[in-house]
Structure formats: C-alpha cells, structure tokens
Amino acid sequence: MSTFKIEGGYPLKGDLEPQGAKNEALQVICAALLTDQDVFIENIPEIRDVLKLIEILGGLGVVTERLEKGRYRFNASKVNIDFLKSPEYTRQAIGLRGSIMIIGPLLARFGQGFIPQPGGDKIGRRRVDTHFIGLQKLGAEFTFDKDNQWYLVSADKLKGSYMLLDEASVTGTANIAMAAVLAEGTTTIYNAACEPYLQQLCKMLVSMGAKINGIGSNLLTIEGVASLNGCQHRILPDMIEVGSFIGLAAMTASEIRIKNVGIEHLGIIPESFRRLGINVAQAGDDLLIKDTGHYEIESYIDGSIMTIADAPWPGLTPDLLSVFLVVATQAKGSVLIHQKMFESRLFFVDKLIDMGAQIILCDPHRATVIGLDRKHSLRATKMVSPDIRAGIALLIAAMSAKGTSTIDNIEQIDRGYENIDGRLNALGAKITRI
C-alpha cells in the first residue's frame, strides 16, 4: 500500500489539462466488443481502473494495441468466451465495477455473459438490478449463483422492447443500449440516463452503424441492426477532474488555468462552484480560477442556508460532492451538502473534523459545513483514502493544511487520477509518493 506525504500551505500557479473521462472510457472500451472490426479510441486516461478493463479485454482474446499515449486499437474478432469462467477473470473483474458493462455487448454478439459480483468503491449499496431487468426485457435469461457470487445472462436472440427504468442508471443504460443495438426490432428506453458519457457512447455506436434516436434525452429509441462496423472515437475531458481542479485552486488560494475542459459538457459544475463564491472565469475552452484568497457562500433569497445536492444529469454529479464539501470548509458562510445517491460517501468527514473543519454530519446523506473563512487553517494529519472521490478531497484538504499530512491507500486515488502527484508538483505542490 502506497502513501502520499504532503507538505501543505503552498499555493499553485500554472496550467492543468484534464485527462480523458474515466466513466466514458469504461463504456466505449466495452463497446469495442460489439464488432469484429478495428476500433480506435483516443484520449484514454491511463489510470488503474481503465488499464484493468483493457487487461480483461486482452484476456478475452481482444487485440489491444497501444499506438501512443492515450490512443489504442481494439479488435474483438476472436473472443474467447470461456475466459469468463476462469479464476483469472474473476480476480480481475471482482474489483472493477465497470466490468459489468461487458455483459451487454457479449450478450448481444455471443448470446451469453458471465460476471462475478461487481466490486469497486465502498460507498454504499449500488444495485445492478437496472442492468439485468433491462436485459431481461430484451429476452435474456438471468441466473445468480449465490454460492459462487456469479451472474449468468444468456439469450438465443435478443428482441427489442419498451422499458421504463426504475432509476436513470448511467452504466445500466449503457449496458442495455449496447445490447439493444444488435437486438431484433425496436427498443425504447424511458428514464434513460443522459449524461455526456452516455451521449458519447451513443454517438460512437451510431458511427459504428447503430440507429439511435433521442441522444441527450431521457427517451432513447434504438432500432436493431444485424452487425456493427469499426470506428474512431475521441473521449471527452473528464468533468470530475475539472471540478477537482477548481476546488483545489480555491482551497490552496491558487491561480490556475484549466485548459481544454469541454465547456459545453460541464453542465452546472462551474456555476455550482460560483455559488460557493469561487471566481470561475471562462476563456474560450479554458477555465481561469483566481482571486481565491477569500470566497463567500451564497444564501437563498430568503436568507436561508444554501443546499448543494447531487442529481441525475443535467443535475450536479455525485462524484464532486466530496470536493464541494472540502472547499466549503474555508469559505465564509455555511452550506448543507446533500449526497442523495450513496449513503456512505460522507463518512470521510471525520478526518476533516480532525483537521479542524467545522462540519456536522446530520445523517449518512447530509452534512452541514460552517466555513472557517480562512481564519484558521486546517491541521495536518494522517489519513486513509476510502475511495476515489473522498481520496482526492482529502488530498485537497492536505494541500491547504499547515504542516505535513500523509494519506495511505492512495491506490484508490490512482484509480481515477493519472499521475496526480507529478502534475500538481509541476505547479508548486509538495507531494511525495512513498
């Protein structure tokens, strides 16, 4: 287990460019299984989770060629389904929740798929019902082996169907859409997720020959085709990393330019940070974060405390609430952070309280933050990263604190952020990887 040693209190200055979007990468790489032709994908973030998925595809017999940094060729003309029953596959897939998205493509093209109980971040219950109910609507049969914690999905021929999803699951919608593009007839998915990642996946599938209407809305209509072609696809900048960098600049009173952010795909993220009083200016496709020595949280028109809450797109992504919470600790004013989707994601706040932050954990979903207005710096301490997003929030807190902090289990951070220590050190941070 590796550790970050962080000397806090150093403002940063310079340019940062976000990596490719992790969540999109996991989807579009799985989509390469839908064709026997070459698929070229650019701007792939070479982070732990994505590389693990590429390794899984390699075990399945998919040719995975790294043409240059971030650019890969995939060819799934010779897929070995039997690999899914091997101990090696179980070991690889059990720690990567995104691996569940190979089920839809394999089911559509080969009529079956296996996957162990998905793992991933320990951030509360994360149901997979949406995936399997949707696939069942297409005609698949689903079996769960309780003894071995295995899911088996099989179908002789998928057939299009109407379905109303009980939750707008991003990965669930992706899995169903990838299966439906090769199903017989028309599939209608209502209450579909419409996040930019899902929009990108659908656009990629269309470039491969799929017929999809309603991209960007919560009503997708997919007319099945007999086969798909290869394609070239470029992944969007990672909106979560963009938001993390905005929060980092604010907490460390830094001046940072975040380059090539894909403004039109950020939704309400920049405006939500502005509600905390942070100066987020736009210059073309760049964001400028400066004058962050003091920032004041807005209140509602009637003077009541503002709430920042997550919601399905185009609402605020839950992956950034931990960053908003940390940033609020040094603001002037108070805010209620409401994490609606995962009941364990706020449990890292005890570490921030140990550092001197004024936070009331109301329940597993809500925390009230009383900003210190920089009158008191956070104190350095020893921490452990519980998951990707809490990990980056703790790193941001440590960089703003006085003294030297340590964060153990930084492999969690590496799952979502590529070379984060090297990139921040280039701007003046003092982070040592041990």
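Residues numbered from 1 in each chain as written. Predicted model: local features only at pLDDT ≥ 70, side-chain atom pairs only at ≥ 80, totals over all residues. Heavy atoms only, no water.

1. A word on helix α5 (residues 129-137)
Rule in force here: Only protein chains enter the accessibility calculation, which uses a 1.4 Å probe; a residue is then buried when its area is under 20% of its type maximum, exposed when over 50%, and partly exposed in between. Starting at the N terminus, helices and strands are each numbered in turn, a helix being any DSSP run of H or I of at least four residues and a strand any DSSP run of E of at least two. Residues count as neighbours in contact if any of their non-hydrogen atoms are within 4.5 Å of one another.
Residues Thr130, His131, Phe132, Gly134 and Leu135 constitute the buried set of α5. Of the surrounding elements, those touching the buried residues of α5 are α4 (103-110), β7 (141-145), β8 (150-154), β9 (162-164) and α6 (170-180). Of the residues flanking the end of α5, it is Gly139, one or two places downstream, whose phi is positive at about 110°.

2. Remarks on unusual backbone geometry
A cis amide bond links Trp313 to the next residue, Pro314, at an omega of 10°. Inspection of the secondary structure assignment puts Pro314 in the loop between β17 (306-309) and α10 (321-328). Non-glycine residue Asn43 carries a positive phi angle of around 65°. Along the polypeptide, Asn43 turns up in the loop between β3 (38-42) and α2 (48-59). Among the residues examined, Asn43 registers a relative accessible area of 22% and is labelled partly exposed. Here Asp291, not a glycine, exhibits a phi torsion of approximately 55°, which is positive. You can call Asp291 exposed: its relative accessible area is 58%.

3. Details of the pattern of salt bridges
Quick note on the threshold: The term salt bridge refers to a side-chain nitrogen of Lys or Arg lying within 4 Å of a carboxyl oxygen of Asp or Glu.
Scanning the entire structure with this criterion turns up 19 salt bridges. Between Arg257 and Asp286 there is a salt bridge whose closest N-O contact spans 3.0 Å. Residue Arg257 is found in strand β14 (residues 255-258), and its partner Asp286 is found in strand β16 (residues 286-289); the two are separated by 29 residues along the sequence. Note on Asp286: relative accessible area 11%, which makes it buried. Arg433 is the salt-bridge partner of Asp414, the closest N and O atoms lying 2.9 Å from each other. Taken together, the positions of Asp414 in helix α13 (residues 411-414) and Arg433 in strand β23 (residues 431-433) put the pair 19 residues apart, joining distant regions of the chain. With a relative accessible area of 36%, Arg433 lands in the partly exposed category. Connected through salt bridges with shared partners, the residues Glu46, Arg66, Lys69 and Glu418 form a single ionic network.

4. Observations concerning the packing of helix α1 (residues 22-31) against helix α7 (residues 196-207)
What counts here: Only the stretch in contact is used when a helix axis is fitted, and all axes are lines through C-alpha atoms; the angle between N-to-C directions ranges over 0 to 180 degrees. Each angle receives one of four descriptions, namely roughly parallel if under 35 degrees, roughly antiparallel if over 145, roughly perpendicular if within 65 to 115, and oblique otherwise. By the definition used in this description, the sense in which the near helix is turned from the far one sets the handedness, with an anticlockwise turn below a right angle giving left-handed and a clockwise turn giving right-handed. Lys, Arg, Asp and Glu make up the charged group, whereas Ala, Val, Leu, Ile, Met, Phe, Trp, Tyr, Cys and Pro make up the nonpolar group; the residues left over, Gly among them, are polar.
Look at α1 against α7: their axes get within 9 Å of each other, and the N-to-C directions meet at 25°. In terms of orientation, α1 lies roughly parallel with respect to α7. At the point where α1 passes α7, the crossing takes the right-handed sense. Here Asn23, Glu24, Gln27, Val28 and Ala31 of α1 lie close against α7, whose contacting residues are Tyr197, Leu198, Gln200, Leu201, Met204 and Leu205. Its residues assigned to classes, the contact of α1 with α7 comprises 7 nonpolar, 3 polar and 1 charged.

5. Brief notes about the sheet that holds strand β4 (residues 63-68)
Note the following rule: When DSSP finds two or more bridges between a pair of strands, those strands are recorded as paired.
Across the sheet, which stays open at both edges, the 4 strands sit in the order β4-β5-β3-β13 with mixed pairing between neighbours. The outermost strands of the open sheet, each flanked by one partner alone, are β4 and β13 (231-234). Across this sheet, the average inter-strand angle for adjacent strands is 20°, counted without regard to direction. Where β3 meets strand β5 (residues 71-75), 4 bridges bridge the pair, whose relative direction is antiparallel. Across the sheet, Val39 pairs through a bridge with Phe74, a residue of β5.

6. Observations concerning the nonpolar core
The test is simple: We define the nonpolar core as a collection of buried residues of types Ala, Val, Leu, Ile, Met, Phe, Trp, Tyr and Cys that are connected through side-chain atoms lying within 4.5 Å of one another.
One finds Leu205 and Leu424 to be the most contacted residues of the largest nonpolar core, which totals 152 residues. At 10 residues, the largest contribution of residues to this core is made by helix α12 (residues 388-400). Those residues in contact with Leu424 that sit more than four places away from it in its chain are Leu12, Leu16, Phe245, Leu248, Leu395, Met399, Ala429 and Ile431.

7. A short note on the side chain of Thr317
Structurally, Thr317 can be placed in the loop between β17 and α10. Exposure remark for Thr317: the relative accessible area of 14% places this residue in the buried category.

8. A look at the side chain of Thr329
Relative to the helices and strands, Thr329 is located in the loop between α10 and β18 (334-338). Each residue touching Thr329, except ones within four places of it in the same chain, is listed here: Met251, Ala357, Ile359, Val369, Ile370, Gly371, Leu372 and Leu378.

9. Some words on the sheet that holds β23
The 4 strands are arranged β21-β22-β1-β23 in an open sheet whose pairing can be described as mixed. Each having just a single partner strand, β21 (382-384) and β23 make up the two edges of the open sheet. On average, each strand axis in the sheet is tilted by 20° relative to the strand beside it, whichever way the strands run. Strand direction decides the pairing type here: strand β1 (residues 3-7) and β23, joined by 3 bridges, are antiparallel.

10. Points about the confidence of the model for the protein chain
Threshold: Along the chain, pLDDT gives the predictor's confidence residue by residue, from 0 to 100.
Of the residues in the protein chain, 97% reach a pLDDT of 70 or more, and the chain-wide mean stands at 93. The low-confidence segment residues 120-126 (pLDDT under 50) makes 21 contacts with residues lying over four places distant or belonging to another chain.

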